[in-house]
Structure formats: structure tokens, C-alpha cells
Amino acid sequence: MAYQKDKHRKYYKRVLSFFLIGILAISLTAFFRTTSTSKHNTTKTLPFISNEHFTLVKRDYNPQTKCLKIAYALENDLDNQSQEANQTTTTTDAIETLSNIKYRTNVLSITDPGHPLKHTTVKVKDDFIELVVDQVPDDFKLIKVQIAPEAINTKLDTSALKTDAIYTLYILQKDFKTTHATQMNTKAIQTNDYLSYKSSVLNTKIKKLETQNAGYNLDIKQKQKLIKTIKSDMQYDTSDQKETHESQINGYNNTIDQDKQYQLDNDHTIKKLKQQLKELEENKL
């Protein structure tokens, strides 16, 4: 009798162990399925063609309509390197290439990776595209976006375009901006998105140039102060010292003249950028 009880006890323990292991396995699977986002490298840029990249400029999500919007703009890497701020956002070659392509896109949620999300892709301008995704799960955790460019007219030069490339970007749910807009993909709204983006680009360039001018102004004042100090001390100079100090003064004056020219150039560019900004603001809805 004692043997039978011990046998039953071991059997129940074994069943309970298998049951607990099963629950733990299911829990861990669900946990990693829905929350493991750290292995995905989220990024705001997608390298495109030479010196050009797509930058993520909008990521809105409406939890009521379960709809989200993702917008990319093509930007020129040279803008951040060149001293001249009157460059266009994209190069002529890039715009020409963009006008000759369409996009195949795919959008997935990490919580249900086997099922692409329903969405529309609109090329608002050659250098600005938007994806509007419908019926997004409440807890999507992370969105995977894939963009593949295709040439519309294969007779044109497509050497700059990697036609076999698929550009992939991941966006965390927490990085989406909550919006209450019920409509996201009307032509008027998309045009406004584009104008808002362009305005932000112009404002950034203007601020950068104004900061440069402030730096030039500070440098000019410092050089003028040094010149004044040197001139006051020159009355005690020997002939050799006087020659050295005169050379220093000439060098400082040359730097001042150069800084003033940079300021004039920047002022001219700022004026043009502000005019462009005014025109954009007037076209906004």
C-alpha cells in the first residue's frame, strides 16, 4: 500500500513539473515575442544614392483610429559639410533619379511579424514620401518598414539607383508622436506635411548661419581687442619687436576682413532663405 502511494506521489509530481514547465515556456515565448525590441537597430536615416539619404521626419500614431503615418525626406549629406548654406536639400541628379522611380513598401509589427500591415504609400514630392498604415495593433511595440525602389522608365539612366536594394528601418512604438487627427492621407494634409518639413529645414539653416555670424562677431571683437593691446605696447618696442607686432596686427586685420566677408555672405543667404520660408508659410493651410 505504501509503495502504491509513493508511486502515485511521484506520478503527480512529474505531471505537475511538466505542467509548470509548459506554462513557463509559453510565458517566455509570449514575453520575447512582444517585448524583444532591443535586437533591432532603430535608426532615422536610410542611405539611398551617392551623398543622399532618406531621413525620418514624421511618425504619428492615432490610438483611436489605430492609424499611423511615417514620412521620409531625401536629404543631402553635403549640407552638413559645406560652408555654403544656399545648397538645395537634394542634388539635381538625385531629384532626376527620384522622378524616375516608384516604391514597393512593406510594413510589419513585431507582435505579428507574419502579417504585413495594410498601408498606402504616396510620393508627395520626388524627395518626400509618406506611408499611412491602417488597423495597427494597440501594442505593436515596434514597426519594421521596408522600402524597395523601382525604375519607372528603364530606358533612362538608372546606374545611380540600386534597383535590387531593400531599405529597412525600425521604429519603436514609444517614439511615435500621438496625434488626434482622424485623417492622415488627404492631398491637402500631405502637401502641408511637406511644406512644414521644408519650413523646418529652412529654419534650421537660418539658425545655423545666425550662430555662425555670432561666432564671427565674437572673433572680430577679440581680434580688435588684441590689436588695441598690441598698439598700446608698441611704444616700448625695439625695431625687431615692432616688426613682429606689425605682422601680428596685419594678420588679425586680415582675419577680421575675412570674418566680415563671411558675415556678409551669410546675411545674403539668410535673406534668401527667409524669403523662401515666407513663401512656404503662405502656402500652408
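Residues numbered from 1 in each chain as written. Predicted model: local features only at pLDDT ≥ 70, side-chain atom pairs only at ≥ 80, totals over all residues. Heavy atoms only, no water.

All right, on to the overall build of the protein then. Along its length, the protein carries four helices and nine strands. For the protein, the α and β elements follow one another from N to C terminus as α-β-β-β-α-β-β-β-β-β-β-α-α. Evaluated residue by residue, the protein yields a buried proportion of 35% over its 285 residues. The contacts of the protein with a sequence gap of at least 6 include a subset with a gap of at least 24, amounting to 72%. Put simply, the protein shows about 18,200 Å² of open surface, and 52% of that area lies on carbon and sulfur atoms. (Helix = DSSP H or I, 4+ residues; strand = E, 2+ residues; numbered from the N terminus. Buried < 20%, exposed > 50% of the residue type's maximum accessible area, 1.4 Å probe, protein only. Contact = heavy atoms within 4.5 Å. Areas by Shrake-Rupley, 256 points an atom, 1.4 Å probe, with all protein chains shown as cover.)

One open sheet accounts for three strands, arranged β4-β7-β8; its pairing is antiparallel. With one partner strand each, in any of the chains shown, β4 (101-109) and β8 (167-172) form the two edges of the open sheet. Geometrically, the sheet is characterised by an average inter-axis angle of 20 degrees between neighbouring strands, direction not taken into account. With six bridges connecting them, strand β7 (residues 142-151) and β8 associate as antiparallel partners. Counterpart to L142 in the pairing with β8 is L172. (Pairing = 2+ DSSP bridges. Axes fitted to C-alpha atoms, helices over the stretch in contact; angles between N-to-C directions.)

In terms of nonpolar packing, the biggest core is built from 27 residues, with L68, I70, Y72 and I143 touching the most fellow members. Broken down by secondary-structure element, the contributors of at least two residues to this core are β2 (52-62), β3 (67-76), β4, β6 (128-133), β7 and β8. Examining the composition of this core, we find that four residues originate from one element, β3, more than from any other. Formed by 15 residues, the second largest nonpolar core is a distinct cluster that contains A71, L195, L209 and L277. (Core = buried A, V, L, I, M, F, W, Y, C linked by side-chain atoms within 4.5 Å.)

Of note, Y170 is situated in strand β8. Put simply, Y170 and H40 are 130 residues apart on the chain and 6.8 Å apart in space, counted from C-alpha to C-alpha.

This part is about the environment of L226. Mapped onto the elements, L226 comes out in helix α3 (residues 187-233). With 22 residues separating them in the primary sequence, L226 and Q248 have C-alpha atoms 9.4 Å apart.

Our next topic: the pattern of salt bridges. According to the stated counting rule, one finds twelve salt bridges in the structure shown. Across the pair K58 and D193 runs a salt bridge whose closest N-O atoms are separated by 3.9 Å. On the criterion of sequence distance, the pair formed by K58 in strand β2 and D193 in helix α3 is long-range, its members being 135 residues apart. A relative accessible area of 22% means that K58 is categorised as partly exposed. Connected via shared salt-bridge partners are K58, D60, K69, E130 and D193. (Salt bridge = Lys/Arg side-chain N within 4 Å of Asp/Glu carboxyl O.)

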